[in-house]
Amino acid sequence: GVHRQVLFTTVGWFFGYYLAKRTEYIHAKVDRELFEYVRQHPADFKAAEKRKIGELLEDFYPVR
């Protein structure tokens, strides 16, 4: 009956909440490790030179 629906809804909500928090934790852990690696090896990650938008886009030739 209704009590089972309430029970399963509650269990599902807590399970989903736990999974969401766990994935956030795992992604934060990976981010922290990657940022630490980048900080320790700055020669491998040099900043790219700034380019104008015209250098990034191809020339436009209208087709008639």
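Residues numbered from 1 in each chain as written. Predicted model: local features only at pLDDT ≥ 70, side-chain atom pairs only at ≥ 80, totals over all residues. Heavy atoms only, no water.

As named in an unreviewed UniProt entry, the protein chain is NDUC2 dehydrogenase, taken from Rynchops niger. Taken directly from UniProt, the Subcellular location (unreviewed entry) text for the protein chain runs: "Mitochondrion inner membrane". Per its UniProt entry, the protein chain bears the Sequence similarities (unreviewed entry) comment "Belongs to the complex I NDUFC2 subunit family." (UniProt positions renumbered as here; feature names shortened; annotations may be inferred.)

**As for the packing of aromatic side chains**
Enumeration according to the criterion identifies three aromatic pairs in this entry. With a centroid separation of 5.1 Å and an interplanar angle of 85°, the aromatic rings of W13 and F14 are classed as edge-to-face. W13 sits in the exposed class, given a relative accessible area of 53%. Pairing Y37 with F45 gives two aromatic rings, centres 6.1 Å apart and planes at 85°, and the pair type is edge-to-face. Taken together, the aromatic side chains of W13, F14 and Y17 make up a single cluster linked through ring pairs. (Phe/Tyr/Trp six-rings, centres within 6.5 Å; stacked < 30°, edge-to-face > 60°. Buried < 20%, exposed > 50% of the residue type's maximum accessible area, 1.4 Å probe, protein only.)

**Examining a nonpolar patch on the surface**
A cluster of nonpolar residues, Y25, I26, V30 and L34, forms a patch on the protein surface that exposes about 370 Å² of accessible area. Within the secondary structure, L34 sits in helix α1 (residues 2-40). (Patch = residues over 30% accessible without salt bridge, like charges linked within 9 Å, V, L, I, M, F, W, Y side chains within 5 Å. Areas by Shrake-Rupley, 256 points an atom, 1.4 Å probe, with all protein chains shown as cover. Salt bridge = Lys/Arg side-chain N within 4 Å of Asp/Glu carboxyl O. Helix = DSSP H or I, 4+ residues; strand = E, 2+ residues; numbered from the N terminus.)

**Observations concerning the pattern of salt bridges**
Scanning the entire structure with this criterion turns up two salt bridges. Between K21 and E24 there is a salt bridge, and its shortest N-O distance comes to 3.8 Å. With K21 and E24 both in helix α1 and three residues apart, this pair spans about one turn of that helix. Its salt-bridge partner being E36, residue R39 comes within 2.6 Å of it at the nearest N-O pair. One end of the pair is R39 and the other is E36, both in helix α1 and three residues apart, which spans about a single turn. Residue classification places R39 among the exposed residues on the basis of a relative accessible area of 58%. Residue classification places E36 among the partly exposed positions, given a relative accessible area of 31%.

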